[in-house]
Amino acid sequence: MKPSPSRSLAIVGAGLAGSLLAILLSRRGWRVTVYERRGDPRVSGYESGRSINLALAERGRNALRQAGDNVEAAVMARAVMMRGRMVHPRDGTPPQLQRYGRDDSEVIWSIHRRDLNITLLELAEQAGAEVHFHRRLHTVDFDAGHARFIDDRDDTPHDIQFNSLVGADGAGSALRAAMNRRQPLGERTEFLDHSYKELEIPPAAGNAFQIDPNALHIWPRGRYMCIALPNHEGTFTVTVFLPNKGDPGFNTVTTGAEAQAMFARDFPDALPLIPTLVEDWEAHPPGLLGTLYLERWHTDGKAVLIGDAAHAMVPFHGQGMNCAFEDCVALARQLDDASDLQRAYAAFEVERSPNAWAIQQMALENYLEMRDQVADPAFLLQRELELALQQRWPTRFVPHYTMVTFLHTPYAVALERTRIQRRILRNATSGLDSLQQIDWPALQAEVHAKLPVLEGAH
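Keep in mind that what you see is a predicted model, and the values were worked out from it rather than measured.

Draft legend 1. Looking closely at the sheet that holds strand β17 (residues 287–293). Pairing within the open sheet is mixed, and its seven strands lie in the order β6-β5-β14-β15-β16-β13-β17. With partners counted over all chains shown, the strands left at the sheet margins are β6 (96–99) and β17, one partner each. Sheet twist, expressed as the mean angle between neighbouring strand axes with direction ignored, is 30°. The pairing of strand β5 (residues 84–87) with strand β14 (residues 216–220) spans three bridges and is classified as parallel. In the sheet register, R85 faces β14, and the bridge partner there is L216.

Listed below in structure tokens is the structure:
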């Protein structure tokens, strides 16, 4: 059956969220056309130095399953399991694994952005979506349903008529800018005073991994850090996070030689693993890190924003992609349920906005944890108690990371419970150096009084 004009949408952006939404809607009988400003990554190669490897968690996998069993299977074929954080001390002592969950059923998966994007693009086309590359959104006339795209290779204009637009074009969204001009969205961006650069650990002979592949490696150094995530072909994507100003900072570590000296001092066991450190440091400009807040995500029934275009966040909880994938599932469901696009978009915003705000806050908080607290004895004792409480009362005291990463608990609920649980952990361990000193009866009474049973916990 041919889709009706009212069931047609144009998606701006063929990245991860745009491609997944195209699959979901095409399989529901929508006529979907996707416009992407860049070239086809299957042909023209992929932008490097800006990706930050992606951590696929249960939320993201659940969204892929909603799009069809073959979607999750195709993605997982190129993913690498990470059991936890492998913390590398500065003093050269052997790194220690801090597990994310209780066992190998509670893990996250590392996948390269390019691999994932190509997989989802191909599945979107197979589902019936039409994808156009080299189409940069230039102008939008919302009342007339007319948009102009430009091919930047030769400045050729391409005009379209649209029923409605979905902005999946990232933090620098051109559609959001057009919507803002028509009716202010209450946009506010807060940049961190830190930025990042990407490097690479190549494989050893025979494409073997040079360090443990089943972990997110982290070198926490207080105000800065280095991380490394595995790729299925035996490489690691290394990301260095530094203050914009400081020692070290991106204003003081500007040359490859200065980066090499910093690694020799602060990340000595990583230095021999990165043979192209000097060249890559000088080739890749620092990437900005910021949080985008909007008061409104849609313009009547004419346009709506999803993913980073609506709520860009810092990458320190590995949830940006997972949150965007949840957006796709929620929007597809609201489009099924609502009588018109305006109601669907409004309901989508009401459902997702509080959850997006919550994970944005948790991502900011997690940066402090990753760069500083993972090596702190008081934090480690609280983590030990957290796991002990989970073992005793698994449906009430559910660790923060478990709620965010292994369950489908709404982010807003996870944030509220996390703040209660952190107070419990801090108070219970204050002044102690061992769990043997814990007052368990008092702690049991507090847990049962403050934490109701969490749906989905087990």
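Draft legend 2. Structural detail: the packing of helix α1 (residues 16–26) against helix α10 (residues 320–337). Contact pair α1 / α10: the axes reach a minimum separation of 9 Å and the direction vectors enclose 30°. Relative to α10, the element α1 is oriented roughly parallel. As for how α1 packs across α10, the hand of that crossing is right-handed. In contact with L16, A17, L20, L21, L24 and L25 of α1, α10 contributes M321, A324, F325, C328, V329, L331, A332 and L335. For the contact of α1 with α10, the residue count by class is 14 nonpolar, no polar and no charged.

Draft legend 3. Representation of the side chain of T237 in the model. Mapped onto the fold, T237 is located in strand β16 (residues 236–243). At 3.1 Å, the side chain of T237 and the side chain of N231 are in polar contact. In contact with T237, not counting residues within four places along its chain, are N53, H112, E198, L199, I227, A228, L229 and N231.

Draft legend 4. Representation of helix α7 (residues 256–266). Among all positions of α7, only G256, A259, M262, F263 and D266 are buried. Relative to the axis of α7, the buried residues are bounded by an arc of 115° and lie together on one face. Against β13 (188–201), β15 (225–230), β16 and α8 (277–283) lie the buried residues of α7.

Draft legend 5. The arrangement of the pattern of salt bridges in detail. Summed over all chains, the structure comprises 30 salt bridges. Note that R422 and E365 form a salt bridge whose closest N and O atoms lie 2.9 Å from each other. Within this pair, whereas R422 is found in helix α14 (residues 411–429), its partner E365 is found in helix α11 (residues 341–371), the two being separated by 57 residues in sequence. Overall, the relative accessible area of 25% leaves R422 in the partly exposed class. The class of E365 is partly exposed, set by a relative accessible area of 27%.

Draft legend 6. Representation of empty space enclosed by the protein. Tallied over the entire structure, the rule returns one cavity of 30 Å³ or more. The computed volume of the largest cavity comes to approximately 40 Å³. Considering the residues around the largest cavity, the lining is formed by R102, E106, Q390, P394, V398, T402, L407, A457 and H458. The residue makeup of the lining of the largest cavity, split by class, is four nonpolar, three polar and two charged.

Draft legend 7. Looking closely at the sheet that holds strand β19 (residues 303–305). In space, the six strands of this open sheet follow the order β8-β2-β1-β12-β19-β18, with mixed pairing throughout. Bordering the open sheet on either side are β8 (130–132) and β18 (298–299), each of which pairs with just one other strand. Two strands pair when backbone bridges link them, and strand β12 (residues 165–167) and β19 are joined in this way by three bridges, in the parallel orientation. The partner of V166 across the bridge, within β19, is V304.

Draft legend 8. Region of the structure containing the packing of aromatic side chains. This structure, assessed with the given rule, holds twelve aromatic pairs. Ring geometry for Y196 versus F241: centroids 6.2 Å apart, planes at 45°, classification tilted. Taken as a pair, Y196 in strand β13 and F241 in strand β16 lie far apart in primary sequence, 45 residues in all. Across this residue pair, the class does not change: Y196 and F241 are buried. Seen in terms of ring centroids, F263 and F267 are 5.0 Å apart; in terms of plane orientation they differ by 65°. Their pairing is edge-to-face. With respect to class, F263 is no different from F267; both count as buried. In textbook terms, an aromatic cluster arises when at least three aromatic residues are bridged by ring pairs, as seen for Y196, F241, F316 and Y367. Just above the ring of Y411 sits the side chain of R59; from NZ or CZ to the centre is 4.0 Å. Across the ring face of W440, the terminal group of R392 is positioned such that the distance to the ring centre comes to 3.6 Å.

Draft legend 9. A look at helix α4 (residues 69–76). Restricting attention to buried positions, one finds in α4 the residues V71, E72, V75 and M76. Relative to the axis of α4, the buried residues are bounded by an arc of 120° and lie together on one face. Where α4 is buried, its residues contact α1, β3 (54–56), α3 (58–66), β7 (108–111) and α5 (113–127).

Conventions adopted
- Residues numbered from 1 in each chain as written.
- Predicted model: local features only at pLDDT ≥ 70, side-chain atom pairs only at ≥ 80, totals over all residues.
- Heavy atoms only, no water.
- Pairing = 2+ DSSP bridges.
- Helix = DSSP H or I, 4+ residues; strand = E, 2+ residues; numbered from the N terminus.
- Axes fitted to C-alpha atoms, helices over the stretch in contact; angles between N-to-C directions.
- Parallel < 35°, antiparallel > 145°, perpendicular 65-115°, else oblique.
- Left-handed = near helix turned anticlockwise from the far one by under 90°.
- Contact = heavy atoms within 4.5 Å.
- Nonpolar A, V, L, I, M, F, W, Y, C, P; charged D, E, K, R; others polar.
- Polar contact = N/O pair within 3.5 Å; in protein donor to acceptor, adjacent residues only side chain to side chain.
- Buried < 20%, exposed > 50% of the residue type's maximum accessible area, 1.4 Å probe, protein only.
- Arc of directions from axis to C-beta.
- Salt bridge = Lys/Arg side-chain N within 4 Å of Asp/Glu carboxyl O.
- 1 Å grid on protein atoms, 1.4 Å probe; cavity = no way out; pocket = protein on both sides within 12 Å on 5 of 7 lines; lining within 4 Å.
- Points joined across faces, edges and corners; volume = space filled by probe spheres on them.
- Phe/Tyr/Trp six-rings, centres within 6.5 Å; stacked < 30°, edge-to-face > 60°.
- Lys NZ or Arg CZ within 6 Å of the ring centre and 35° of its normal.

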